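Survey of secondary and tertiary structure
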Amino acid sequence: RLVHLDLKGAAPRAQYLERVLPLLPALGATGLLLEYEDTFPYTGPLELLQAPHAYSPAELRALLSRARAQGLDVVPLLPFPLQFVLKHREFAHLREVKALPNALNPHKEESLALVKAMIDQVMALHEDLQWFHIGCDEVYYLGEGEESKQWLQQQGNTPEKLCLSHIKAVATYLAWSYPMVTPIVWDDMLRGMSEETLAESGVPQLVQPMIWDYAADINVEGKVQLIEKYRRCGFSRVWFASAFKGATGVNQSLTLIGHHLRNQLEWLQVASRSPADVLEGIALTGWQRYDHFSVLCELLPVAIPSLAVCLQALKHGGYSERVKENVEKLLGMSNLEIDTFMSPSLGTFPGSDILTLVTQVSFYLKSSVDELLERNRYVTGWFSPYHRRRKIIHPIIMHHFQPDAVSLLSNWNAVVQDLQAAMEQVFHRCAIEEWMEENVHPSLQKLQQVVDDLDEA
C-alpha cells in the first residue's frame, strides 16, 4: 500500500513530511511513491530543472532514511512525459512537437541520454530500491512530430509500437544498469493495445503495469478482464492505483472522503476477483496538480483524513464503525464525516489547523462577500458600480452596511492571517502565494475595494 506524494505543486517542507511519516505505517501504509518532478536536487547540466524550493540532497537522505526506519518501501516516480523538463528553453529541441512541452522526441539519442541521466541521479540518492516508476501515462502528441511521421510511414510501424519502443528503451536501461529494480508504468497507454502487439514488444517481461482508475464506481468486471489480458500478454504482476485526493476537480480545495472511500472499496472487489499471485500492490494517488501547468488541487494536510480512511479500509478489507473509530483515534478527531465535507473541528495530526482554516475559507469566504455585495439591498440599490465609480453615496445609507463591511473584512483578514501562519509551517512561499491568489484574493480584494470606495465616498 503505497502513499503517492505528488510534489509537482505545494511540495511540503521536509520537516513537515518527517512529522507525517510515523502516521503512515500506523494507518496501514507500507511504502511511499515519490513523484519528485522539479523538487529533486538535480546536479550538473540538469541543475536548471530544480525549482527554487527543491529539496537538498541532505534533506532527501534524511527523509528516505526516516522512511526506511518506519518500515516504508520507497518507490521513486519519474513522470515521463517530461513537461517539467521540456518547458525549459534549453531542452525544447527534444520536444516531439516543437510548440508543445508534452512529449519527448523518442528518435533523438539525446532524449534517451537525458532520461538515463535523470534515472542515474535519482538512483544515486536511493538505497535498496525494489521498484522504480517510469510514468508513461497520457503521452499526448507522441507520433505527431516530423521524425515520428516519417517513421510511421514505414511498413508495420504504428503509434502503439512507437510508444512501446520508448517504454522498452527506458525499461531496458533500468534492467541492465540496476538489475535488482523492477520498472512500473501507468497502464493507460497499454489498455487499448492488442494482446499480440503487447506480447511481441517484449515490454511485458520488463515492466509491471499500474492500472489506474479514480472513480467511485469503476467497472469491476472490465478491470478483472484487463488483468487477465495483461497476464496472457506476459506481464507477471500488476499494480492498482486508487486516489485519496486530487481526482475530483482540477481546482478542488476540500476532499470529499466518501468518493475516495468508494474508490478503494471498488478496488477491493477487483482484488477479490483476481488471482492471488497477480497483485503486487496498490498506490493511493494524491494528485497535487492535474499536470505541470494546472492549478493546485487539495493540499496534503487537507486530505489526511481521506488518506487515513482509505488506508484503513484497504488494510481491514472494508469500512466499518471500528475502522471509523481507529481513524478518529489516530488523527485525534472527534467526529469523522465521510459523505459531507469535514466540519472544521480540529484534529491532532500534523497540519490539522490548515484543514480547519481551509474549510472555513472554502465554505464561507466567497458566500459571505457575495451576500454583502450582491444581495444586500443597500449595496445593490445605493452603492452600485455606477455610484462607486462616481463616489456618490447618501450618508444615511452608509450606516446601513459600512459597519458590516468593515467587520467582515476584519474577520476574514484575521482568518487569512492565521491560515498564512499555519501554511508557513508546512509550505514554501510560492505555494502559499499560489493558493491565496486562487482561493482567497478574488473575494477578499472585492471586499477590500468596497470598503476603500466607501471611505472615499
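In the nomenclature of an unreviewed UniProt entry, the protein chain is known as beta-N-acetylhexosaminidase of Promerops cafer. Its UniProt record, at the heading Catalytic activity (unreviewed entry), says of the protein chain: "Hydrolysis of terminal non-reducing N-acetyl-D-hexosamine residues in N-acetyl-beta-D-hexosaminides." Recorded in UniProt for the protein chain, the comment headed Sequence similarities (unreviewed entry) runs: "Belongs to the glycosyl hydrolase 20 family."

A few words now on the side chain of histidine 4. Mapped onto the elements of the fold, histidine 4 is located in strand E1 (residues 2–6). For histidine 4, a relative accessible area of 0% puts it in the buried group. There is a polar contact of 3.1 Å between the side chain of histidine 4 and the backbone nitrogen of glycine 286. Excluding residues that lie within four positions of it along the chain, histidine 4 makes contacts with Leu33, Glu35, Leu77, Phe244, Leu284, Thr285, Gly286 and Trp287.

A few words on unusual backbone geometry. Of note, aspartate 128 is a non-glycine position whose phi angle comes to about 50 degrees, a positive value. Within the element layout of this structure, aspartate 128 appears in the loop between helix H5 (109–125) and strand E4 (131–133). Given a relative accessible area of 71%, aspartate 128 falls into the exposed group. Positive phi, normally seen in glycine, also occurs at cysteine 136, with a value near 70 degrees.

This next bit is on the nonpolar core. It is characteristic of soluble globular proteins that their nonpolar side chains tend to be buried jointly. Counting 143 residues, the largest nonpolar core has Met118, Phe132, Ile354 and Trp435 as the members making the most contacts within it. The leading source of residues in this core is helix H16 (residues 395–424), at 12 residues. Summarising the domain contributions, this core has at least three residues from each of domain 1 (2–340) and domain 2 (353–456). Those residues in contact with tryptophan 435 that lie beyond four places of it in its chain are Ser253, Leu296, Leu299, Val358, Val361, Leu419, Met423 and Val440. Counting 15 residues, the second-largest nonpolar core is a separate cluster that includes Leu2, Val75, Leu77 and Ile184.

Looking now at the state of the cysteines. A full pass over the atoms with the stated rule returns 0 disulfides. Cysteine 310 takes part in no disulfide bond, and the closest cysteine sulfur to it belongs to cysteine 297, at a distance of 15 Å. Taking the relative accessible area as the measure of exposure, cysteine 310 reaches 0% and is therefore buried.

Conventions and cut-offs
- Residues numbered from 1 in each chain as written.
- Predicted model: local features only at pLDDT ≥ 70, side-chain atom pairs only at ≥ 80, totals over all residues.
- Heavy atoms only, no water.
- UniProt positions renumbered as here; feature names shortened; annotations may be inferred.
- Helix = DSSP H or I, 4+ residues; strand = E, 2+ residues; numbered from the N terminus.
- Buried < 20%, exposed > 50% of the residue type's maximum accessible area, 1.4 Å probe, protein only.
- Polar contact = N/O pair within 3.5 Å; in protein donor to acceptor, adjacent residues only side chain to side chain.
- Contact = heavy atoms within 4.5 Å.
- Core = buried A, V, L, I, M, F, W, Y, C linked by side-chain atoms within 4.5 Å.
- Domains from an automatic or database assignment.
- Disulfide = S-S within 2.5 Å.

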